[in-house]
Amino acid sequence: MSTVVDIRNLGVEFATDAGRVTAVDGMNLTVAPGEILAIVGESGSGKSVTAKTILGLLPDTALTSGAVLLSNREGQDTHDVVQLTGERLREVRGRDVAMVFQEPSTALNPVYTVGWQIAEGIRAHGRIGRRQAKNMAVDILRRVGIPDPEKRVDYYPHQFSGGQKQRVVIAMALVLNPGLIVADEPTTALDVTVQAEILDLLRRCRDEFGTAIVLITHNMGVVADLADRVVVMYQSKLVEQADVETLFSSPREEYTRTLLGSVPRLGNGADRGPAPAPHSELGTPVVEARDLQIEYPGRLGVPAFRAVQGVTFTVAPGEVLGLVGESGSGKTTIGRAIAGLTPVTGGSLSVLGHEMLGIRESDFRPVRSEIGFVFQDPATSFNPRLTIAECVAEPLVVHGRAKDAGAARSRVDELLEAVHLPKAFGSRFPHELSGGQRQRASLARALALEPTLLIADEPTSALDVSVQARVLELFRELQQQFGFAALFISHDLAVVDMLADRIAVLLKGQLIEVGAGADVLGAPRHPYTRRLLASLPVPDPVEQRARRAELHRLRSTE
Amino acid sequence: MVFRSATAEQQTPRKPSLFSRLPVVAQLRQSVGLQRGMLIAGVVLTGMFVLCALLAPLIAPYGFAQSRVDGVAFGRQEPPSAENIWGTTVGGYDVFSRVIWGTQTALAVVVIAVVLSIFLGVILGLVSGYLGGWLDRILVVIADAIYPFPTLLLAIVMSIVITGGQSSLIGGILSAAISITVIFIPQYFRVVRSEVVRLKAEAFVESAKVIGASTRRIMFLHVLRNATRTLPLIVTLNASEAILTLAGLGFLGFGIAPTSAAEWGYDLNRALADTASGIWWTGVFPGVAIVLFVLGLTLVGESVNDISDPRLRARKRLKKKKDVSA
Amino acid sequence: MPRPVGRIARCDPPAAFRQKELDVTTVPPGDPVSGPSPVSTAPAPKKRTQGIGLGQYIVIRAILIVPTVFILVTLVFFLMRVVGDPISAGVGDRLTAEQLQERLAEAGYDRPIYVQYLEYLGQVFTGNFGRTLTDNREITDVLLQYGSATLELVLYSLIVAFAIGIPLGLVAAYRKDRAPDALLRILAILAYATPVFFAGLLLKLVFSVWLGILPLGGRADTRVALALGRIDNPTGIYLIDAIRLGSPVAIGDVLEHAVLPSLALGLLTAGVFLRLVRTNVISTLSNDYVSAARSRGVSEFRLVTKHAYKPALIPIITVMGLQIALLLGGAVLTETTFGWRGLGFQLAQYLASRDFVAVQGIVALLAVIVALTNFAVDVIAALIDPRVRY
Amino acid sequence: MTSSFSRRRRVLVATAGISAAALVLAGCASDDGESTDPLAEGGSLIVGTTDTITSLDPAGSYDAGSFAVQNQVFPFLYNSPYGSPDVEPDIAESGEFTSPTEFEITLKEGLQFANGNELTASDVKFSFDRVLSIADPNGPSSLLANVVGVEAPDDQTVVFTLKSPNDQTFEQVLSSPAGPIVDEEVFSADALTDPETIVDGNAFAGQYVITDYTANEIIRYEPNESYGGTLPAPENDGVTAQYFADETSMQLAVQEGEIDVATRSLSPTAIADLKEDDNVVVHEGPGGEIRYIVFNFNTQPFGATTAEADEAKALAVRQAVANLIDRDALAEDVYNGTYTPLYSYVPEGLTGANEALQGLYGDGQGGPDAENAAQVLADAGVQTPVTLDLQFSPDHYGASSGDEYALIKEQLEESGLFTVNLESTLWDVYSSERRNDSYPSYQLGWFPDYSDADNYLTPFFLDGGFLGNHYSDPEVNQLLAEQLSEEDPAARAEILGEIQNLVAEDLSTVPLLQGAQVAVSGVDVEGVTLDASFKFRYAPLSTN
């Protein structure tokens, strides 16, 4: 059989503020009908641009060269999307190729019902009555697994959960039964448990609808789970192309090997050396939470939102506690409460011997020198108007260890060195550093006063995998060097597994399981933990197939 | 959201010179095509008026309250001639000279009003936004109440209150400027406050808090320095509004007396009665001056706004390989 | 209120925005075109799903009108007391100092200001706004008579503004940074850079003086006005009254008189609307859901007029509400320019004669209108936004 | 309908056609074919004005705009016949001083209001009593300061008891804004009466009745058949008064023939323009309005409370000013002849007026004379230039005040004898500040309550007058009292002349200009009467 899409020598350039930027260079690839092709790569590798080119969705500022030959499902009709414009391009979109977007909450128009939005796509391709279009919408919603579609076809996007929204987006893509779906990071915005369901749905798309899928992702686990064939992109170019088993088992290119090697894997935590002693033997806990409750006050008649309800745990000196949970589980709230950013509303939380319930800021301020905090987003955690050196010196200045940033410079240099940043970076501004470099600087700042407790709130979730691996490595190194206790917050079990001595699992504000890393990950007691573990795709197609079966078993038993 | 600040930043690999980071200049460098054209047109127009204001004594052939030269009166409502190139007003003054001198009045009012309102508005917005509490709530309610109120009416009442009805040059300019300030403060207050509230939740402010920095240090070192991002834009837009308000005051007869200063709104007011008699030159010239000055400032303001907003900024469309060298 | 994510979240209804502010507070989101897409995203910000009901929201919003009106009335009361009194202003050049004092005392203006203030509040509380001092009319009568004139003018202007501003705004947004956009924007800026009185002057010069096809000012010819005054229970909105009168000549005359003032005021507002629609539609056009719709083959016309327009409407309407309130301010100048006897014209007169009772009454009404408009706009925005509705 | 079928009318008809179609579509057109055109009724004379009306109720107004209306519809005991400043009985049969402080009036027989109510002495008493008892802040009660009480012993007789004896101005007072006679069955005795009540009650007994009244927009007058006064019956079948919001529209309206007469007030520019227009006639007549500069005797240069107080020098300064003023230039350049030079305190046209200042100052012909001015100052030993603070109000006496005072400043400074600090202040502050001695010299204007020379003298120059400029001259006080009760008109005129001469020497004020009454009418309009009564009457107007 022929191909659904045949990309030949594709080049894309953009006009940006910095001038001309090449996004895709000399790209060649084909997708066969019913095939799932994954394009992987880190940010800026050009994978998303490639995907958008297939639909002719690039903005005016892009200049495209080469050809993207798109065939319809039956394979009789082929168009070069690059050459198409206006009405002809519009006809192809949705009929021959459709797209699934990364963020379902932005890909759905908030002010129209999902039924209307699905019907828009249908009615754009031929004279189809309103009623008939709606029937088609109900039908497709049912097929992507939306319960009670007759009623929910008239719902607005915000009335669906995140996973259901993504199902709706997929339904929209499927409704005209195109031969190809381009899925741009379709699960990145979702929690792992939901991600597994969406991946199943995409697999069904192929199996039931016979649709080919171009899957754009950075997540090697997702690739291993779903793809038939993989294309690796790096710096606008295609570096390697292979079927999925081959790629994971014997990657040819150095870059692919690095990429695969950077992916954190479950079970790697075991090599951290001897299992830590029970924490009670390590002295007075640095953090001790007993029946901790945290509420966010409601605005104007809204009942208060209880983010954390009755959580009890401790962090011993020198210990790394990993706090894991999906979005909304309250893990970030706990971290913020320990740092005194969010007030505690009930129970007890003792931080370095200070009871946080009802504490006054002025009483807590001196204690802050003992606490370091690393924020999730390195882009926003630095004052853009201060240099890196000034930012890192800030704790020293505030706590009177140095008169001003200049006086602290030698100490700042030491710190930068400790986080493997060149001294010269101190005089740069935050935006002149890459994400990984900024996160290192963030670590340097957090460690400036040699704190006894470090709180790291998803410190690597905004970073590419290879960068993430290096930052995590650094974190571990520093922890061993300085011996601080740490609360490491993450949604990624594999990441936590790499660092944490003990792991605590949160579900909807409640602590459902806590224990040594190996115990929690190796022999989870709580069904949620088990499902969480099983949902996490591993970067190994063979193993992942087995895990998928395990997940299905778990789901069916629940 | 995560990538917000990444956008503008990633594209500047080197630290640009101070000059090129100045508002307007920075945007001019970033702009392309029509957007650039509009910005340049705005800058040129505005610059022209500022020059006129500075060089008024050189440009204007006569004084703004001069009705005769060498003892010979110009005559009243004389049509444009060699002596009075844009004719004379009903008061017997030279229209051209009054239009030129009028730039001085307009500029003075704009500068005073904008400076005063920025100063007060920023302080209030910062304190209110960062500290919150009852002070914040009260200020917000007051600002909300005043904000949508027709500015001109407020300006009229304020100008009566401030001058006690007197309209000398300094008094007139000051009162117009202060009246306009009173209207603008809520605007600056709201902009700065919302910016401060946004910044308050930013990671870098929280990280300063975690470090243990004092409230004052956070407010001034971390928040204030970042909250002023949007001010250049509001300044240009408000400057144009200030001119319109001044003209409106003058038009309604609450402005500056003709013998104290030249003021376009006043001249327009007087010219209104001339329309039915077909005397167009007394009104058209000062009117066009207002329109062009406001147009210039608005073009600058809006272009700066569009260019600083990546969603609205135009970028060069790439042509086929031919002009790669360009 | 649930706080929806993203752009629309910034249109916090109670804190009404003005168009300029809306633009500048708009935090640039990830630049959609500056480079290839980022790989990883942080988990979406947590959204609070439980919110108050629409009904409750409306009630709270309605209650908020009270302090707004109260503040404005208070402000105007004290400001007006500082500026002078209507008696000195009215008959000050014919009375001796003693006679003047006597009259001031009789009117009660020599009492402490807070006593006068409390008395005024008490009156207002009972719905008694008093009588104008200069022409001894019930404030409510004044408001009804001139309010309807202003209402008529504002309605015409809004028709002009909507008819011009919205379609052209959509065109400009769609043809962003091309010639039509630049042209439309310059025209829009010209429309609001031109003081309404200057626009009025030019319009009058051209259409009334030179071409002689439209009247210079007023709301109707003498005969028409006389006839309109004679019908039973006139609405004060001349067009309606003229239709009730059943005279085509009267309708034509009334409409003719409305052309120039509504153009002058309407064009000004149209310029603002155009810019507002353009900015917001450009911003929604860059949203994923528009790309998503485009990826399904929805036509560009529908993308602009439906998919991008309706979400953009929420901020647009919020700001438009404010603009409508500001129209009232513009009405002062327009009415003065065209001799259109409405609230604005009358307010300027009363201000000049320092008739503070009248000014307070009109300002209180303006404040109520402004507050009600904002309220209505918030409710409409809430109705458009299903996230609030459900 | 009026003459010219203007350009606009044609367009109007065109739009009317369209809207007729719309009407039919809307189903709103009146279906009875016989119904007359609702617009036909206003087909009589239209008079335009930019006046504003404070109140239709005479007790609540003391201004020209309101009085102009009241004059058409309310009867007076005394009124001025067309063409004369002096008054004669109107609805009064006769009136005389029965004792020095009692003025007795006999009413005509069979007087009635348009609503059929009889007009008796009781109504007269009611009318004056309510003005005094309501004493509205905007009302004319101060005009009746001399009235102690009013009695109506029978239906035809009214007796006024006065404070000062033999008040020769009292007949004039009866024709003033305090004098309209109202219907006691319609008007309230202790509160102002709404225009609606007055119009609905048809409580009119003047030359006209009002049939339609929209405040400050439109008033429809119909002739009053039951008017029993001495003024002639209206020459027209009704007048519609249109109140314009701006003079430009009115100017165009009269040019286009949409209105037949335009009265107060048109700008000097407009009048100059209209004089060139063949379609309209510009009528001018003497005006009662005067403009003058007041000197504050305490704070003017060398005034009584200044550091270098010197009465002679202060007088010299005033005289120098009077010498330097070029009234012709002011009248022609600034006002295009809508004001005329005023050389005395009583305007030309009134009985007893003279030109006291013309001979005393300037070149003797009315023109300025810088040498005289220099001489006066030098004789008094005043060092020149004298710094003079001169105030004017930009918003009370018309927009041309600014031009007027700019020119005065020029005239004074041109000689090199003065340095003038010209300042302007909005009216409300101005009118209180001037009483507080804040302004050494300042602009004022005056519009008479009634057309008698006394009204231009007593309020100004008698001790305790409204000027409050600390001018006091016992001789003037004495003469003012004398003229008031002098029954012989010739003797009285002589005293009035003497007063003017005395004040002209002392220069309590420097009179500048006298307003001309101006009306513009279509060429086919007759009967425009602008006389020294300063009342614009609708009754003589007619079209042919």
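Quick note: structure is the one above.
First, a word on what this report is: a plain description of the structure on this page. (Residues numbered from 1 in each chain as written. Chains lettered and ligands numbered in written order. Predicted model: local features only at pLDDT ≥ 70, side-chain atom pairs only at ≥ 80, totals over all residues. Heavy atoms only, no water.)

A short note on the sheet that holds strand β15 (residues 354-355) of chain A
Each strand in a sheet pairs with another by means of backbone hydrogen bonds, the pair being arranged parallel or else antiparallel. Residues and elements named next belong to chain A. Rule in force here: For two strands to be treated as a pair, DSSP must find at least two bridges joining them. Where helices and strands are cited, they refer to DSSP runs of H or I of at least four residues and of E of at least two residues respectively, numbered from the N terminus. Residue contacts are defined here by distance: any two heavy atoms, one from each residue, within 4.5 Å place the two residues in contact. Under this scheme, a helix contributes an axis fitted over its contacting stretch, all axes are lines through C-alpha atoms, and angles between N-to-C directions fall in the 0 to 180 degree range.
Read from one edge to the other, the open sheet built from four strands follows the order β12-β11-β14-β15, with strand pairing classed as antiparallel. One side of each edge strand has no neighbouring strand; the edge strands of this open sheet are β12 (305-315) and β15. As judged from the five bridges shared by strand β11 (residues 287-296) and strand β14 (residues 346-351), these two strands associate in the antiparallel manner. The residue bridging E288 from the neighbouring strand is S350, located in β14. On top of the sheet, helix α12 (residues 331-338) reaches β11, β12 and β14; it is set at about 65 degrees to β12, its chief contact.

Focus on the environment of G322 of chain A
All names here are of chain A. Short version of the rule: Classification of residues uses two cut-offs on accessible area relative to the type maximum, computed with a 1.4 Å probe and protein chains only: under 20% is buried, over 50% is exposed, and between them is partly exposed.
Position of G322 relative to the elements: it lies in strand β13 (residues 320-324). Assessed through its relative accessible area of 0%, G322 is described here as buried. Residues in contact with G322, not counting those within four places in the same chain, are F488, V496, A500, R502, I503 and A504.

Observations concerning a nonpolar patch on the surface
Residues and elements named next belong to chain B. Keep this limit in mind: Within this analysis, patches are made of residues with over 30% relative accessible area and no salt bridge. Like charges are joined at 9 Å or less; nonpolar side chains (Val, Leu, Ile, Met, Phe, Trp, Tyr) at 5 Å or less. For every accessible area listed, the method is Shrake-Rupley and the probe measures 1.4 Å; residues are considered covered only by the protein chains on display. Every case where a carboxyl oxygen of Asp or Glu lies within 4 Å of a side-chain nitrogen of Lys or Arg is listed as a salt bridge.
Together, L51, L54, L55, L58 and I59 make up an exposed nonpolar region whose accessible area comes to about 490 Å². For the nonpolar patch, the secondary structure elements donating two or more residues are α4 (33-54) and α5 (56-59). Inspection of the secondary structure puts L51 in helix α4. We classify L51 as partly exposed; its relative accessible area is 48%.

Focus on the pattern of salt bridges
Across all of its chains, the model carries 56 salt bridges over all chains by this definition. Between R111 of chain C and E119 of chain C there is a salt bridge, and its shortest N-O distance comes to 3.2 Å. With relative accessibility at 32%, the residue R111 of chain C sits in the partly exposed group. Its relative accessible area of 38% is what places E119 of chain C among the partly exposed residues. K125 of chain D is the partner of D129 of chain D in a salt bridge, and the nearest nitrogen-oxygen pair spans 2.8 Å. Separated by four residues within a single helix, D129 of chain D and K125 of chain D lie in helix α3 (residues 121-134), roughly one turn from each other. You can call D129 of chain D partly exposed: its relative accessible area is 27%.

That is the geometry; function is a separate question.
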